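Architecture and fold: a report
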Amino acid sequence: MNSASPGGTTPPKPPPLMGGLPAPPYPPGPRRWFADFAWIPPRGVCRDVLIEADGDRFTSVTPSAAPSASDAEHLRGLTLPGFANAHSHAFHRALRGTTQADRGTFWTWRERMYQVAGQLDPDTYLALARAVYAEMALAGITCVGEFHYVHHQPDGKPYADPNAMGRALIQAAAEAGLRITLLDTCYLTGGLDQNGVLPLAGPQVRFSDGDGSRWADRAEALGPDDRGLLAPHAMVGAAIHSVRAVPPEHMHPVVAWASRRGAPLHIHMSEQRAENETCRAVYGVSPARLLYDEDVLGPRTTVVHATHVSSADLELLGGSQVYACLCPTTERDLGDGLAPARPLAAAGCTLTLGSDSHAVIDILEEARGVEYAERLARRSRGHFTAETLLQAATTAGHTSLGWPDAGQIAPGARADLVTVSLDSLRTAGAPDGVALETAVFAASAADIGTVISGGRDVVRDGVHLLVPDVPAELARTIRAALDPAPSRPRPS
Ligand SMILES: [Zn+2]
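Keep in mind the model is a prediction, meaning the values are calculated, not measured.

So, the overall build of the chain
Of the regular secondary structure elements, the chain holds 14 helices and 19 strands. The C-alpha atoms of the chain give 22 Å as radius of gyration, which agrees with the globular expectation for 492 residues (23 Å, within 12%). Out of the 492 residues in the chain, the part that is buried amounts to 55%. Counting contacts in the chain only where the partners sit at least 6 residues apart, residues at least 24 apart contribute 73% of the total.

Focus on the environment of Glu294
Looking at where Glu294 falls in the secondary structure, it is placed in the loop between helix H7 (287-293) and strand E13 (301-305). According to the C-beta neighbour criterion, Glu294 is partly exposed, with 19 such atoms within 10 Å. Beyond its immediate stretch of four places on either side in the chain, Glu294 contacts Pro248, Met251 and His252.

A few points about the domain arrangement of the chain
Each domain of the chain was delimited in the assignment, giving domain 1 (25-81 + 410-466) and domain 2 (83-400). Every contact between the two is made by 22 residues of domain 1 and, on the other side, 23 residues of domain 2. Among the elements that make up the side of domain 1 that touches domain 2, the one with the highest residue count is helix H13 (residues 435-442) (5 residues). In terms of residue class, the side of domain 1 that touches domain 2 is built from 16 nonpolar, 3 polar and 3 charged.

Some remarks on the nonpolar core
By size, the foremost hydrophobic cluster in this structure holds 150 residues, and its most contacted members are Leu128, Tyr133, Ala137, Ala173, Leu317 and Ala324. For this core, the leading source of residues is helix H2 (residues 122-138), giving 12 residues. Composition of this core by domain shows at least three residues from each of domain 1 (25-81 + 410-466) and domain 2 (83-400).

With respect to helix H1 (residues 106-117)
With 12 residues, H1 ought to run about 16 Å at 1.5 Å a step, and its terminal C-alpha atoms sit 16 Å apart, in line with that. Of all the positions in H1, only Trp109, Val116 and Ala117 are classed as buried. Down the axis, H1 shows its buried residues gathered within 95 degrees of arc, on one side only. Turned more than 90 degrees off the buried face of H1, the exposed positions are Trp107 and Thr108. Where H1 is buried, its residues touch helix H14 (470-482).

A word on the sheet that holds strand E16 (residues 417-420)
Reading across the sheet, the 8 strands line up as E3-E2-E1-E4-E16-E17-E18-E19 and stay open at both edges, with mixed pairing between neighbours. Both edges of this open sheet fall to strand E3 (57-62) and strand E19 (463-464), since each of them pairs with a single strand only. Both strand E18 (residues 456-460) and E19 contribute to a ladder of 2 bridges, which runs antiparallel. In the sheet register, Arg460 faces E19, and the bridge partner there is Val463.

Focus on the pairing of strand E12 (residues 265-269)
E12 sits mainly inside the fold: 5 of its 5 residues count as buried. Neither face of E12 is left uncovered, since the one carrying Leu265, Ile267 and Met269 and the one carrying His266 and His268 both have all their residues buried. Bridge count between strand E11 (residues 234-240) and E12: 3 bridges; the pairing is parallel. Considered in E12, the bridge of Ala239 is made with His266.

Here's the deal with unusual backbone geometry
Residue Pro42 follows Pro41 across a cis peptide bond; omega there is 5 degrees. Within the element layout of this structure, Pro42 appears in the loop between strand E1 (31-40) and strand E2 (44-54). At Arg379, a position not held by glycine, the phi torsion is positive, near 55 degrees. Following the sequence through the fold, Arg379 ends up in the loop between helix H11 (363-378) and helix H12 (386-400). Judged by local crowding, Arg379 falls into the exposed class, with 7 C-beta atoms found within 10 Å.

Considerations on the packing of H2 against helix H3 (residues 164-176)
At a minimum axis separation of 8 Å, H2 and H3 run at an interaxial angle of 35 degrees. For the pair H2 and H3, the crossing hand works out as right-handed. The residues of H3 that touch H2, namely those facing Pro122, Tyr125, Leu126, Ala129, Arg130, Tyr133, Ala134 and Ala137, are Ala164, Met165, Ala168, Leu169, Gln171, Ala172, Ala173, Glu175 and Ala176. The residue inventory of the contact of H2 with H3, partitioned by class, reads 14 nonpolar, 1 polar and 2 charged.

Some remarks on the environment of Gly407
Here Gly407 shows up in the loop between H12 and E16. Once the C-alpha coordinates of Gly407 and Pro41 are considered, the two residues, 366 residues apart in sequence, prove to be 11 Å apart. When residues no more than four places from it in sequence are discounted, the contact partners of Gly407 are Pro81, Ala84, Thr394, Thr395, Gly397 and His398.

Concerning the packing of H2 against H14
Where H2 contacts H14, the two axes come as close as 9 Å, and the packing angle between them is 145 degrees. The handedness of the crossing between H2 and H14 comes out as left-handed. Within the contact between the two elements, H2 uses Thr124, Ala127, Leu128, Arg130, Ala131, Ala134, Glu135 and Leu138 and H14 uses Val470, Glu473, Leu474, Thr477, Ile478, Ala480 and Ala481. Residue classes in the contact of H2 with H14 are distributed as 10 nonpolar, 2 polar and 3 charged.

Side note on the pairing of E13
Consecutive side chains of a regular strand alternate in pointing toward one face of the sheet and then the other. Summarising burial for E13: 5 of the 5 residues are buried, a large majority. When E12 meets E13, the two strands line up parallel, connected through 5 bridges. Across the sheet, Met269 pairs through a bridge with His305, a residue of E13. In the sheet, E13 pairs with strand E14 (residues 323-326) via 3 bridges, with the strands oriented parallel. Looking at the pairing, Thr302 lines up with Tyr323 of E14. Between the parallel elements E13 and E14, the chain passes through helix H8 (residues 311-319) in a crossover that is right-handed.

Observations regarding the confidence of the model for the chain
Here the chain averages 91 in pLDDT, and 92% of its residues register 70 or above. Here residues 1-24 is modelled with pLDDT under 50, and outside its nearest four sequence neighbours on either side it reaches 39 contacts, counting other chains as well.

Comments concerning the environment of Leu75
Structurally, the position occupied by Leu75 is in strand E4 (residues 73-81). For the pair formed by Leu75 and Arg96, sequence separation is 21 residues and the distance between their alpha carbons is 33 Å.

Thresholds, definitions, all that
- Residues numbered from 1 in each chain as written.
- Predicted model: local features only at pLDDT ≥ 70, side-chain atom pairs only at ≥ 80, totals over all residues.
- Helix = DSSP H or I, 4+ residues; strand = E, 2+ residues; numbered from the N terminus.
- Rg over C-alpha atoms; globule rule 2.2 N^0.38 Å.
- Buried ≥ 20, exposed ≤ 12 C-beta atoms within 10 Å, placed from the backbone.
- Contact = placed C-beta atoms within 7 Å.
- Domains from an automatic or database assignment.
- Nonpolar A, V, L, I, M, F, W, Y, C, P; charged D, E, K, R; others polar.
- Core = buried A, V, L, I, M, F, W, Y, C linked by C-beta atoms within 7 Å.
- Expected span 1.5 Å × (residues − 1).
- Arc of directions from axis to C-beta.
- Pairing = 2+ DSSP bridges.
- Axes fitted to C-alpha atoms, helices over the stretch in contact; angles between N-to-C directions.
- Left-handed = near helix turned anticlockwise from the far one by under 90°.
- Right-handed = clockwise from strand over helix to strand, strands pointing away.
- pLDDT = per-residue confidence, 0-100.

Listed below in structure tokens is the structure:
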């Protein structure tokens with residue numbers, strides 16, 4: 001890890017983290033940056049912004065600063081807060097490209113995904129996730145919500161540490177320079193059909209704790225402190241996989257645990273029409289109604305996708321003040337349908353963004369995907385401003401993951417910064433007044449130059465400082481996940 005402080009002095013070593021995890025770099029000392037342009041709501045994009053931080057927090061933000069502040073580090077282009085990726089399954093990254101050769105469906109894609117899930121162990125998952133999170137950092141993501149359900153050994157027996165897989169993800173995030181909310185997921189059944197609940201089958205058996213109460217016991221054994229922290233960079237949240245995977249009677253222990261902990265609670269909901277149809281057949285109501293009746297919906301809840309929802313569902317979701325996490329690149333990749341972003345927002349849901357299956361990892365692409373889906377659905381433009389889309393990618397995303405003090409460049413907030421080039425092949429020529437629109441509608445992850453997470457440099461000039469060769473690590477670890485060889489990669 002690059003732990004050099006800006007002043008070149010050697011700070012003292014930090015204490016070890018809880019749970020025996022390796023410590024991330026110690027908090028940096030005071031730092032100053034001078035940004036050509038920075039987005040500072042509600043003022044919008046400001047010019048010549050002096051940004052100061054001490055440790056992992058901003059201490060002051062001064063627009064129109066004198067150029068004499070040039071002793072500060074220069075941030076070229078447009079500076080934004082770090083992005084929150086509110087919905088990730090790290091191991092799905094291994095499927096990119098492999099599921100495009102045959103036409104397939106969501107359900108055949110899911111079978112391939114299960115095969116990869118069956119190959120992982122704590123060591124290989126650490127190596128794979130570290131590479132995937134490094135790819136995220138290169139895309140400007142400073143916080144990930146990892147919707148994690150590969151808990152146990154392939155035959156369903158717990159590891160010696162029943163949370164070995166979750167801890168591997170937490171360590172991977174530390175090594176890649178991200179914060180993580182481990183959305184520990186309850187996953188108990190194999191699905192629904194018209195006749196009822198299906199048993200777990202094949203690779204699914206390693207997802208299950210047996211029942212909701214035992215899920216809660218294992219989540220508690222992760223050892224969160226009274227703020228839900230597992231380490232300075234890691235928080236625990238709860239997740240119910242879906243109405244397909246958790247019968248209503250088992251939802252209550254998860255909801256109760258999240259409520260007692262004040263933790264985020266995430267759930268996949270109505271991604272496919274088939275889920276709605278089988279939910280109606282078995283339970284007589286829509287997924288949204290079922291979740292409402294089981295007290296799953298509330299202001300700490302995120303429903304992921306919400307692609308196929310009725311006006312009655314929208315009323316329940318908006319009235320419950322949930323977050324709706326949209327994953328446009330995954331939804332279009334899997335042929336899910338167009339998420340009803342505008343109706344969800346109009347109903348009172350707060351939108352967030354996730355790269356989910358990692359068909360691509362590019363939060364700017366997710367952000368404009370929300371607007372473009374509305375344009376295609378309604379054949380008209382202008383449903384969400386660039387600023388609104390960026391709020392989904394920053395403040396809203398972080399808050400939905402339990403980090404309400406992140407996602408904005410403001411005194412007291414976590415010192416996460418991302419720069420977007422305004423003179424790249426994709427962005428050159430844009431007048432000053434449309435920097436934000438250029439970033440959201442034309443830039444890509446390739447235009448991210450600098451990433452600072454909690455005051456620490458993670459990416460500089462488009463190069464990850466903690467993971468030396470991210471493409472090579474992705475190639476090696478994905479090969480191991482797709483085609484496990486006798487000598488599996490070990491984490492370095
Ligand atoms: Zn998902």
